[in-house]
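Below, each chain spelled out in residue letters.
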Amino acid sequence: MARAENKEVAGATTRYVAEIARMMREKQNLTQKEVGEKTGFTASAISAMETCAQPASDQMLTSLEVAIGAGLGLFDKAREFVLMDKYPARFRHFSRLEAEALTISSYETHVVDGLFQTEEYARALIRGGFPAVSEAKMEELVEARMARKALFDRDPLPLIELILEESVLRRPFGSWETMRGQLRSLAEDARRVNVTAQVLPLDRGLSGSYAGARGPMKLVETREHRHVVYMEIEDESILISDPADVSRLSHRYAKIRAQALSPDESLGLIERLAGEQQ
């Protein structure tokens with residue numbers, strides 16, 4: 001059933017790459033089994049890729065380039081675009097903005113920002129979500145999410161800010177070991193030269209002012225120096241570009257940041273919780 005659904009919702013790039021793979025295979029008079037042997041995949045996996053029942057993984061595209069690419073670089077070039085097809089539809093357009101952004105400022109209230117998630121945490125989060133997805137679809141989503149981490153080391157380095165509600169650090173997914181791994185990874189990322197991580201403490205509301213009550217948001221400065229705000233709620237997304245609205249939300253984000261613990265205090269809390277989780 002899941003594979004039948006994949007055929008129906010496969011993106012244009014996935015369909016195009018599948019057709020190119022079939023044409024290149026037939027031009028070289030190879031069977032699906034023979035291509036599988038050349039790439040280290042089964043004949044059924046090659047068939048599933050060609051019919052879009054299971055989109056090509058990044059590893060498969062790399063292997064196809066060597067096996068039947070004829071030195072054209074088609075499959076290597078396709079990797080970026082096939083990956084985008086694997087994102088939920090609501091996120092695909094923003095994923096391009098994120099990958100090319102000069103600055104990203106994120107405030108998260110329920111889970112660790114996807115850019116900072118470990119593979120184990122992401123898998124537990126997706127597996128436990130509703131509606132449930134197949135194991136194959138889950139792995140696609142995890143693969144796509146992990147690929148976003150290339151942003152950390154991109155040249156030129158983007159400036160990345162993250163503000164997390166303290167409750168995010170205390171809400172486990174999968175197991176306590178998974179959560180400990182996530183917190184340790186978050187601490188490592190917080191030490192990156194281009195990353196600032198802060199925590200908004202649970203008792204902030206007792207101070208009489210709490211700017212985060214209206215939910216998460218992500219502010220982005222594009223490579224054209226435009227400023228936009230991206231928000232998600234209940235599987236729906238909105239991208240805000242109107243300057244007045246962006247300014248209003250930017251001011252709110254600045255207030256949230258001012259109410260959060262300092263980067264050093266936040267790192268200390270993350271490390272302490274990583275040692276306490278059990």
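Shown above is the structure to which this text applies.
Predicted model, so just to flag it, every value in this text is computed and none were measured.

### Things to note about the overall build of the protein chain
When helices and strands are counted, the protein chain shows 13 helices and six strands. Reported as C-alpha extents along the three principal axes, the dimensions of the protein chain are approximately 70 × 45 × 35 Å. Across the 278 residues in the protein chain, those meeting the buried criterion constitute 46%. Put simply, of all contacts in the protein chain between residues at least 6 apart along the chain, 71% involve residues at least 24 apart.

### Digging into the environment of Ala99
Its location among the elements puts Ala99 in helix α7 (residues 89-100). Here Ala99 falls in the partly exposed class, since its relative accessible area comes to 41%. Each C-alpha atom of the pair Ala99 and Lys149 lies 9.2 Å from the other, and the pair is 50 residues apart in sequence.

### Here's the deal with the sheet that holds strand β3 (residues 195-200)
Strand order across the open sheet formed by six strands is β3-β2-β1-β4-β5-β6, with mixed pairing between neighbours. Both edges of this open sheet fall to β3 and β6 (236-240), since each of them pairs with a single strand only. Along the sheet, successive strands turn relative to each other by an average axial angle of 15°, direction set aside. In the packing of α7 onto the sheet, contacts are made with β1 (103-108), β4 (217-221), β5 (227-233) and β6, and the angle to β5 comes to roughly 145°.

### A look at the pairing of β4
By the criterion of burial, β4 is predominantly enclosed, with five of the five residues buried. Here β4 shows a buried face lined by Met217, Leu219 and Glu221 and a second buried face lined by Lys218 and Val220. Examined bridge by bridge, β1 and β4 share five bridges and lie antiparallel to one another. Considered in β4, the bridge of Tyr107 is made with Met217. Judged from the four bridges that link them, β4 and β5 form a sheet pairing that is antiparallel. When the bridges of β5 are listed, Val220 appears paired with Val228.

### A few points about the packing of helix α3 (residues 32-39) against helix α5 (residues 58-68)
Packing of α3 against α5 brings their axes to within 9 Å, and their N-to-C directions diverge by 110°. In terms of orientation, α3 lies roughly perpendicular with respect to α5. For the pair α3 and α5, contact is made by Val35, Lys38 and Thr39 and by Ser63, Leu64, Ala67 and Ile68, respectively.

### Let's talk about the packing of helix α11 (residues 176-190) against helix α13 (residues 263-276)
It is at 9 Å that the axes of α11 and α13 come closest, and there the two elements cross at 155°. Here α11 is positioned roughly antiparallel relative to α13, judged by the angle of their axes. Regarding α11 and α13, the two cross each other, and that crossing is left-handed. For the pair formed by α11 and α13, the contact residues are Arg180, Leu183, Arg184, Leu186, Ala187 and Ala190 on the first element and Leu267, Ile270, Glu271, Leu273 and Ala274 on the second. Taken together, the residues that form the contact of α11 with α13 break down as eight nonpolar, no polar and three charged.

Definitions and limits used
- Residues numbered from 1 in each chain as written.
- Predicted model: local features only at pLDDT ≥ 70, side-chain atom pairs only at ≥ 80, totals over all residues.
- Heavy atoms only, no water.
- Helix = DSSP H or I, 4+ residues; strand = E, 2+ residues; numbered from the N terminus.
- Buried < 20%, exposed > 50% of the residue type's maximum accessible area, 1.4 Å probe, protein only.
- Contact = heavy atoms within 4.5 Å.
- Pairing = 2+ DSSP bridges.
- Axes fitted to C-alpha atoms, helices over the stretch in contact; angles between N-to-C directions.
- Parallel < 35°, antiparallel > 145°, perpendicular 65-115°, else oblique.
- Left-handed = near helix turned anticlockwise from the far one by under 90°.
- Nonpolar A, V, L, I, M, F, W, Y, C, P; charged D, E, K, R; others polar.

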